[in-house]
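Residue-level structure breakdown
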Amino acid sequence: MLQLIRKQLRAQGTDVIWGPVIMLAAGIVGMSIMFAMMKFDVADGEWFCLGTMLGGIVAAFYGFIWISAGIGFYFNMEVAMGCSRKEFFFSYYLTGFVMNGVYAIIMAIMCIIENALGRMLYPGMENDIDLLYYIIRGGIPAVVVLTVIGGFCGTLVLRYGKKAFWVLWAIWMVLCLGGPRISDAVSDAPDSVFGKIGTAVEVLLESVSVNIWILFGAAIVLACGVADFLMLRRQQVTM
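Attention in this report is confined to the structure presented alongside it. All chains use their own residue numbering, which begins from 1 and follows the written sequence. Local features in this predicted model are restricted to residues whose pLDDT is 70 or higher, and side-chain atom pairs enter the listing and the counts only when it is 80 or higher, whereas totals over whole chains, interfaces and linings include all residues. Side-chain descriptors were evaluated using all non-hydrogen atoms of the structure, hydrogens and water having been removed beforehand.

**With respect to the overall build of the chain**
This is how it is decided: Only DSSP runs of H or I with at least four residues qualify as helices, and only runs of E with at least two residues qualify as strands; both kinds are numbered from the N terminus onward. With a 1.4 Å probe rolled over the protein chains alone, any residue whose accessible area is under 20% of its type maximum counts as buried; one over 50% counts as exposed, and the rest are partly exposed. The criterion used for residue contact is that any of the two residues' heavy atoms lie within 4.5 Å. Only the protein chains shown count as cover for residues, with accessible areas throughout obtained via the Shrake-Rupley method and a probe of 1.4 Å.
In terms of helices and strands, the chain carries eight helices and two strands. Along the chain direction, N to C, the helices and strands of the chain fall in the order α-α-β-α-α-β-α-α-α-α. Within the chain, the proportion of its 239 residues that are buried is 35%. If you take every contact in the chain between residues at least 6 apart in sequence, the share linking residues at least 24 apart comes to 80%. With an accessible surface of roughly 14500 Å², the chain has 73% of that area assigned to carbon and sulfur atoms.

**Focus: the packing of aromatic side chains**
Which entries qualify depends on this criterion: Stacked, tilted and edge-to-face are the three classes assigned to paired rings of Phe, Tyr and Trp, where Trp is represented by its six-membered ring and a pair needs centres within 6.5 Å; plane angles under 30 degrees give stacked, over 60 edge-to-face, the rest tilted.
Per the counting criterion, the structure on display carries 13 aromatic pairs. Note on Phe88 and Tyr92: the rings are 5.2 Å apart at their centroids and 25° apart in plane angle, and the pair reads as stacked. Taken as a pair, Phe88 and Tyr92 lie in helix α4 (residues 85–121) at a separation of four residues, close to a single helical turn. A relative accessible area of 0% means that Phe88 is categorised as buried. Here Phe89 and Phe229 contribute two aromatic rings whose centre-to-centre distance is 5.0 Å and whose plane-to-plane angle is 70°, an arrangement assigned as edge-to-face. Residue Phe89 is found in helix α4, and its partner Phe229 is found in helix α8 (residues 210–234); the two are separated by 140 residues along the sequence.

**Quick word on the packing of α4 against α8**
Stated formally: Each axis is a line fitted through C-alpha atoms, and for a helix only the stretch in contact is used; angles between axes span 0 to 180 degrees, taken between their N-to-C directions. Rotating anticlockwise by less than a right angle from the far helix to the near helix defines a left-handed crossing, while the corresponding clockwise rotation defines a right-handed one. Following the grouping adopted for this structure description, the nonpolar residues are Ala, Val, Leu, Ile, Met, Phe, Trp, Tyr, Cys and Pro, the charged ones are Asp, Glu, Lys and Arg, and the polar ones are all others, Gly among them.
Look at α4 against α8: their axes get within 9 Å of each other, and the N-to-C directions meet at 145°. The interaxial crossing formed by α4 with α8 has right-handed handedness. On the side of α4, the interface is formed by Arg85, Lys86, Phe88, Phe89, Phe90 and Tyr93, while α8 contributes Gly225, Asp228, Phe229, Leu232 and Arg233. A class-by-class count of the residues in the contact of α4 with α8 yields six nonpolar, one polar and four charged.

**Concerning the side chain of Thr147**
Here Thr147 is to be found in helix α5 (residues 131–160). With a relative accessible area of 1%, Thr147 lands in the buried category. Excluding its chain neighbours within four sequence positions, the residues that come into contact with Thr147 are Ile67, Tyr93, Gly96, Phe97 and Asn100.

Structure, rendered in structure tokens:
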């Protein structure tokens, strides 16, 4: 296992270094913004780990794009150089799990540091969100979901080309643009189309237990991983 990861890290070179660098830079920017907000008294007397949150968001985007966009390039390069498809699949995913796991660890360390700085810089003020609790509890599931779904999306584009890319892009835009609009409409305009959709979604979510949703999500992630493996086994080198 370690040998597979070492080979994959050597193949990817400096790509694996940029993630932590960008994440730390985003964290510093977030901490600076939080400090400025508190300085000018626009945070309503409460603070939270904005640096950790911003760093985590950037790391999630970078990790997803790194996994999905890189799979086509590294698949063609490594298989053309004699790597088996099975070895590539496991080495690529193992490396993805490790690197995204590193991001989660960095995020936890950033949160501990930012919590300490917050207690020192904003004495007597309340920390609005305990991010460390969510990082510890949801870090591993987030790493698994991010890696598997990212790899699955990348393999779809590798196999089906622009058709898959534009379908995934449309889904992404619907989630990014429609999600916040539906969420706002539930409280601001419950009788509108978006408000009714949001209300129906809330009813559906509340009608099913959390454990069932976890099992459902795990089944989807597992299905994506299996489908990814089967597609890569039949995928031809296109370079």
